[in-house]
Structure formats: C-alpha cells, structure tokens
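In case you want the letters, here they are:
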Amino acid sequence: VSAVAKTTLRPTLPAEIRRRRALQSIANHALAITFGIAFALPFLIVLATALMTRQQSLSGQIWPHPFRWSNFTQVFSDVPLIRYTINTVVYAGLSAIGTVVSCIPVAYAISRMRWRGRQAVWILILSTLMLPAQVTIVPLYVTFDHLHWLGSLKPLIVPSFFGDAFSILLLRQFFMTIPQDLSDAARIDGANEWQIMTKVIVPLARPAIAAVGLFAFLYAWDDFFGPLLYTGSNSKAWTLAVGLQQFTSTHNTIVWNTTMAAAVLFMVPVVVIFFFAQRVFVEGVTLTGVKG
Amino acid sequence: VKPKSQRLGRRTTVLLLLSPWAIGFLLFTAYPMIATLYYSFTRFDLVNNPKWVGLDNYRFLLTKDPLFWQTVRNTLWLLIFMVPLRILWALCAAIVLTRPNRGRSFYRTLYFLPTMVPAVAATLAFVFILNVNGPVNHVLHFLHLGQPLWFQDPRYAKPALVLLGLWGVGDTMIIFLAGLLDVPAHLHEAAVLDGANAWQRFRYVTFPSISPVVFFSLILGMIGAFQYFTEGYVASRAANGSVGAPNGSTFFYPLLIFHKGFEGEGLLGDASAMAWMLFVVIMIVTVLIIRSSRRWVFYQGGLK
C-alpha cells in the first residue's frame, strides 16, 4: 500500500528536483567558465599579438590579420635566444640536480633518525625559510666578485648543491609518512643508514623527489633577480628571464609583436612541463601547504 | 647497550648526512648575514675597503633620504592591498572550483596555468595588455569609460600590478581547494539542518576549517610582498624606461636595495642597512601574525 501511495502522492517531485539540480549545475558551470575566461584571456591576447604585424599590435585589435608566423623566427635573429635558452637549461637543470642530491640526506636525517639536537636543527632550517634574500646578497656578491664568478652562472648553481630549506621541508613531510617498520626491518637485516636511505626511502619517495626537482627547475627558469644580479654585466651568461627583460629596452619603444612572441617562446616549455607533470605538481603544492 | 664505536659511527653518519645543509648554512646564510650587519655600519663600495661610519647609514636613510620612505610606503601599500586581495581572489577561485561536479580538473588546470608563466613574461604581457592603446583600453573606449594610463600613471601603476598578481594565484588557490574539499560534509549538513544560510555556513563552518591554510598563505604572501622585486622592476622599465617609475610609484623597498647597492653608486653600506631593517621588520610582522593567529586559526581537534 505504501509503495502505491508514494507513487500516486508525489509523482512530480523527482522531476522538480532534477530540474533544480540541472539549473544549479548550469549556474555552477557558468561561474566556473566566467572565471576560466578571466584566467585564459591574457594568454589569448599574448598569443594573438605575437602573430600580428608591428602596426597592428599597436591598434588594440584582437584578431591577427594577417598572421605573421615569422615573428617567432624574427626573435631568433633579434637576440641570441639559443644561448639564453642553453644558459637557462644549464642553470635550471644543474640546480634541480643539486637541490635533490643535497636535500635528500638532510631530510632523511631530520625525519628518519633519532639524535640529540634534531629538533633544534629542524627549527633552524625552518627559520631560514623566512629569511629575505636581500640580507645575504651584499657579502655573497662581494665573495663571488673575489672568486671572479660574477658574469657566470656559478653563483646561481653552486649554492643549490648545499641544501634548500623549502625542499628539505617538502621531503621531510613525505618521508614522515613512510612507516617506520620498513626502516626497522632493513636495520634488522643489517642495512646501515645510507643503505636504508638509498634502497628503501628514496624509491618510495619518488613522487616527492620529483616534485622537489621540478620546483627547483621551475624556480630557476622563472628566476630573474639572481641572474640579473650575478650575470648582469656579461650578456653571454644571461638567462631567458634577463634576456627577455633586456629585449624590451633594445629599441626606444617596445616592439610588441616580437616581444610577445619571445614571451610565448619563454613560457611554452613550462606550460608543456606542467601538462605532463601536473599531478606531481599539484601533490607537491598541497603537501607543503596543508601539512606544513 | 651499544658499543662506543657504533654510537660514534652513528653520530658521524648524522653529521655526514647533514653536511650539505650545514656547510651551506654557514657559507650562504650565517656568514653573509653577519657580514651584512657589519657592512651596514660602514661606507663600502666594491673598490675601496669598508670604512666604519657607525650609525650614519641608518641615520641618513631614516631621516634624510626621501626615496627610502617612498619605498616603505609603496611596500606597505602592497601589504595592505595586494596580499589580502590575492588571498580573497584565490579563495573565490577555489570555491568556484568546488561547485561543478564534473570538469573540475579541467577548470583547475585552466586556473592554475597562469601561475606557471615566468614572472618576466607575465609582467610584459600585462604591460602590453594595459598599455595606452592596448586591448583593455580599447574595450574601455568602446564602453565609453575612462582609459587610464595604467603603468604610466602613478595612481594606476600599483593597481595594475595587483591585476597581474591576481592572474597568478594558482598555488594559493590549490592549497585552498585542498582545504575546502577536506571540510567534513557532515558539518555542512548539520548547519543546513540548523537553518544556516550560505554566508553563515561559510563563516562558521568553512572558514574555521580552512583557517590554518589561510594563515599559512598570509605568512607566505606577506614575506613575498616584502621581497616584491621582479614585477616592479620589469613593469616600470618596460612601460617607462626607468626603474620605479612613474614618479617612484613602483619603487618598492627591494628595488631600492638593488638600486643603491648594485645599479647606482655602489652604496653597499646603505644597501646592507636596508636589508637588515627589512629582515628585522619581517621577523616582527611574522611574530605578530603568529600571535594573532591564536585568535582566528582553528586547528583540528584542538579547542580554542
């Protein structure tokens, strides 16, 4: 009887609920798309401008007419883009390697071993996170000057082989999630700490290590202040960031179409990396943020 | 009880594992910090040896140098406007992301993408987008609205930098999104049953749950604002041809450190004094925020 009552008494409800849900869903997507347009529009404008003639890029128009694909090759003849790219890849690649190699053992000692003073060292590492770069640059600049390293990439690369607080933090957070039993089992089998680190922890922590390497790479790719300060005097050592900034001041007024083409070439590699490594990336950001 | 040799071996192991960071800390942090403090009491350029002048650099900066206070005001402006607006915008974007049932990862990728763009490229993009005859002014003209000079107008240069800052909030947004998705659904359901409206649910359920994340991004945003350099440098040079222009409206504190120490006359003593003052202020503000956090940050499981 009750089943009959239900179907006869409220035959319209499901349809109404479905309609309300559909409306709600449309509203949600409309809002999400509006935000999406706000985030996407600058990309589209930059890309369109990169394809315009110089004349048209000053007109405020949106659609390129005609399409000038040669702007991209023009950039290569205007500036030594290949050299800048090589410098950037060398800086980013080596500092990623340096960061990973130097931070794994530190994070391991902090998170997987017990020893007196561990807490104090950890707090010291954390406190360096807040240190503004400005408070160290003058003496470092003087030192690198004495070493005749200014005008080369060495002041940028060498320090990355000596640990970095943010990367140690990220690795530590991940190492702590690995069950202690695995280390204990390896210890009973006679493994020393070095072996446990390289054979047990590192293979399990691959996602975190990938995130740390990726972040270090992207940081260096993006870095403007470091290369400006240490390589500024020698254009042969410039990275893409410094080269692109200087590109705008080579002419009296900025040539927008080729400047935007250069900007596109500069951002394409990181955007591609992002699409391939998105999961590594998002997990890494979340790991530092939520549990930090 | 372990034999002594083994304990010694363990200590050596720890020291070896820590050595990359320990050496780096001494060479690239501890020594430079102390040296900067020393240089701040000297007149010093790269040619001549440092000459002790006591508090002269500090006295000059604080009482005689008009540029100093202008850069302080500009950096304060960033702290007051840009930092909260970025957090608010990131929170809005994250909330918008939680709404659709399908397509969330597509939207998330789209919203995050600008964060990947290198700062120099993003800044130049905005200098173009907001140039006098650029696309934004084109639209404003079409709508019969005023067309500001943006990066070339002292009143609009910093707001233009805020727009640039809002474009790349992806990392904060991702952290907020994770926090929002972690809010237990039963809390929302209970609030709905109690008749709470959308704002009340946000204020009394969502916000307390994500307040640790807001706190974290506030500290990071604050530290970032104190060190804000690249966007200001690139935008002012691209739009006006000189650093900090127009009228010093984008001359931020770190720009002046760089300008004094490495671009102009090589006043490394002044630059060092400015750097130490920046360091001390960051420490004080951080402590203040941590103090205040006890009142508005709620940690799971812990009652206030």
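This one's a predicted model, so the numbers in the text were calculated from it and none came from an experiment.

(A) How the structure looks around the confidence of the model for chain B. Residue and element names in this part refer to chain B. Overall, the predicted model of chain B reaches an average pLDDT of 91, with 96% of residues at or above 70. Across chain B, helix α7 (residues 157–167) holds the top mean pLDDT of 97, while helix α9 (residues 185–193) sits lowest at 88. Scoring of the predicted complex yields 0.90 for pTM and 0.91 for ipTM.

(B) View of the packing of aromatic side chains. Scanning the model with the defined rule gives 46 aromatic pairs over all chains in all. When the ring of A:Phe274 is compared with that of B:Phe112, the centres are 5.1 Å apart and the planes differ by 25°; the resulting orientation is stacked. Of this pair, A:Phe274 sits in helix α15 (residues 256–276) while B:Phe112 sits in helix α4 (residues 104–116), which puts the two residues in different chains. With respect to class, A:Phe274 is no different from B:Phe112; both count as buried. Taking the centre distance of 5.8 Å and the plane angle of 45° together, the rings of B:Tyr38 and B:Tyr39 count as tilted. Residue classification places B:Tyr38 among the partly exposed residues on the basis of a relative accessible area of 39%. With relative accessibility at 9%, the residue B:Tyr39 sits in the buried group. B:Lys158 extends its terminal NZ or CZ atom over the ring of B:Trp77, reaching a point 5.8 Å from the ring centre.

(C) Representation of the environment of B:Val183 in the model. Residues and elements named next belong to chain B. Tracing the chain through its elements places Val183 in the loop between α8 (170–182) and α9. In sequence terms Val183 and Val285 are 102 residues apart; their C-alpha atoms lie 29 Å from each other. Look past the residues within four positions of Val183 in its chain and what remains in contact with it is His188, Val205, Ser209 and Ile210.

(D) Geometry of the interface of chain A and chain B. Every contact between the two is made by 89 residues of chain A and, on the other side, 83 residues of chain B. Buried area between chain A and chain B, summed over both chains or domains, comes out near 7600 Å², and the portion from carbon and sulfur atoms is 80%. It is A:Phe39, A:Met130 and A:Gln134 that lose the most area in chain A upon contact with chain B, and together they represent 10% of the buried surface on that side. Two residues, A:Glu193 and B:Arg10, come together in a salt bridge whose shortest N-O distance is 3.3 Å. Where chain A packs against chain B, one counts 9 residue pairs in polar contact (both at pLDDT 80 or more). In terms of residue class, the side of chain A that touches chain B is made up of 63 nonpolar, 22 polar and 4 charged.

(E) Structural view of unusual backbone geometry. Following A:His65, the chain continues to A:Pro66 via a peptide bond in cis, the omega torsion being -5°. Counting through the fold element by element, A:Pro66 comes out in the loop between α3 (54–57) and α4 (70–78). In this chain, B:Ala245 is followed by B:Pro246 through a cis amide linkage whose omega measures -5°. Among the structural elements, B:Pro246 can be located in the loop between α11 (230–240) and α12 (253–263). Non-glycine residue B:His144 carries a positive phi angle of around 60°. Examined against the element boundaries, B:His144 turns out to sit in the loop between α6 (135–142) and α7. In this structure B:His144 comes out as exposed when scored by relative accessible area, which is 74%.

(F) Here's a closer look at empty space enclosed by the protein. Residue and element names in this part refer to chain A. In this structure the tally under the stated criterion is 1 cavity of 30 Å³ or more. In this structure, the largest cavity spans a volume of roughly 60 Å³. What lines the largest cavity is Val79, Leu81, Tyr84, Leu240, Gly243, Leu244, Phe247, Ala262 and Phe266. When residues of the lining of the largest cavity are traced back to their parent elements, those giving at least two are α5 (81–112), α14 (240–247) and α15. Considering every element that reaches the lining of the largest cavity, the biggest residue donor is α14, with 4 residues.

(G) Broad picture of the packing of α4(B) against α8(B). All names here are of chain B. Here α4 crosses α8 at 150°, and the two axes come no closer than 8 Å. Here α8 runs roughly antiparallel to α4, going by the angle between their axes. Residue-level contacts link Arg104, Arg108, Tyr111, Phe112 and Thr115 of α4 to Gly170, Asp171, Met173, Ile174, Leu177 and Leu181 of α8. Grouping the amino acids of the contact of α4 with α8 by side-chain chemistry returns 6 nonpolar, 2 polar and 3 charged.

(H) A look at the pattern of salt bridges. This structure, assessed with the given rule, holds 7 salt bridges over all chains. Where A:Asp184 meets A:Arg187, a salt bridge forms, and the shortest distance between an N and an O atom there is 3.3 Å. Of this pair, A:Asp184 and A:Arg187 both sit in helix α10 (residues 180–188), 3 residues apart, roughly one helical turn. In this structure A:Asp184 comes out as partly exposed when scored by relative accessible area, which is 32%. Overall, A:Arg187 belongs to the partly exposed group, its relative accessible area being 27%. One network of salt bridges, with partners in common, ties together A:Asp184, A:Arg187, A:Glu193 and B:Arg10.

(I) Seen up close, α8(B). Residues and elements named next belong to chain B. Between its first and last C-alpha atoms α8 spans 18 Å; for 13 residues at 1.5 Å apiece the expected length is 18 Å, and the two agree. Within α8, 10 of the 13 residues are buried, which leaves it mostly tucked inside the rest of the structure. Every buried residue of α8 is accounted for by Gly170, Thr172, Met173, Ile174, Ile175, Phe176, Leu177, Ala178, Gly179 and Leu180.

(J) Broad picture of the environment of A:Pro64. All names here are of chain A. Secondary-structure assignment places Pro64 in the loop between α3 and α4. Owing to a relative accessible area of 3%, Pro64 belongs among the buried residues under this scheme. Taking the C-alpha atoms as reference points, Pro64 and Ser249, separated by 185 residues in sequence, lie 25 Å from one another. Setting aside residues no more than four positions away along its own chain, Pro64 makes contact with Ala48, Leu51, Met52 and Gln56.

Analysis parameters
Along each chain, residues carry numbers from 1 onward, in the same order as the chain's sequence is written. Lettering of chains starts at A and numbering of ligands starts at 1, both following the order in which they are written. For a predicted model such as this one, the threshold for reporting local features is a pLDDT of at least 70, and the threshold for listing and counting side-chain atom pairs is 80 or more; totals across whole chains, interfaces and linings nevertheless cover every residue. Side-chain numbers here rest on the full set of heavy atoms in the structure, without hydrogens or water. As a per-residue measure, pLDDT tells how confident the predictor is, with possible values from 0 to 100. Here a strand is any run of E in DSSP of at least two residues, a helix any run of H or I of at least four, and the numbering for each starts at the N terminus. For Phe, Tyr and Trp, where Trp contributes only its six-membered ring, two rings pair if their centres lie within 6.5 Å, and the inter-plane angle classes them as stacked under 30 degrees, edge-to-face over 60, or tilted in between. Using a 1.4 Å probe on the protein chains alone, a residue whose accessible area is under 20% of its type maximum counts as buried, one over 50% counts as exposed, and one in between counts as partly exposed. Only Lys NZ and Arg CZ are tested; either one counts as a charge over a ring when it is within 6 Å of the ring centre and within 35 degrees of the ring normal. Whether two residues are in contact is decided by their heavy atoms: any pair within 4.5 Å suffices. Defined in terms of a 1.4 Å probe, buried area is the accessible area two parts forfeit on being brought together, summed over both. Between Lys or Arg on one side and Asp or Glu on the other, a salt bridge is scored when a side-chain nitrogen of the former is within 4 Å of a carboxyl oxygen of the latter. Polar contact is defined as a pair of N or O atoms within 3.5 Å, subject to the rule that within protein one atom must be able to donate a hydrogen and the other to accept it, and that residues adjacent in sequence are counted only when both atoms are side-chain atoms. The classification used treats Ala, Val, Leu, Ile, Met, Phe, Trp, Tyr, Cys and Pro as nonpolar, Asp, Glu, Lys and Arg as charged, and all other residues, Gly among them, as polar. Put plainly, a pocket is an open set of points on a 1 Å grid over the protein atoms alone with protein on both sides within 12 Å along at least five of seven lines, a cavity is a set where a 1.4 Å probe fits but cannot get out, and a lining residue has an atom within 4 Å of a point. Grid points are joined across faces, edges and corners, and a volume is the space filled by probe spheres set on the points. Interaxial angles span 0 to 180 degrees and are taken between N-to-C directions of axes, which are lines fitted to C-alpha atoms, for helices over the stretch in contact. Should an angle lie under 35 degrees it is considered roughly parallel, over 145 roughly antiparallel, and from 65 to 115 roughly perpendicular; all remaining angles are considered oblique. Here, expected helix span is obtained from the residue count minus one, scaled by 1.5 Å.

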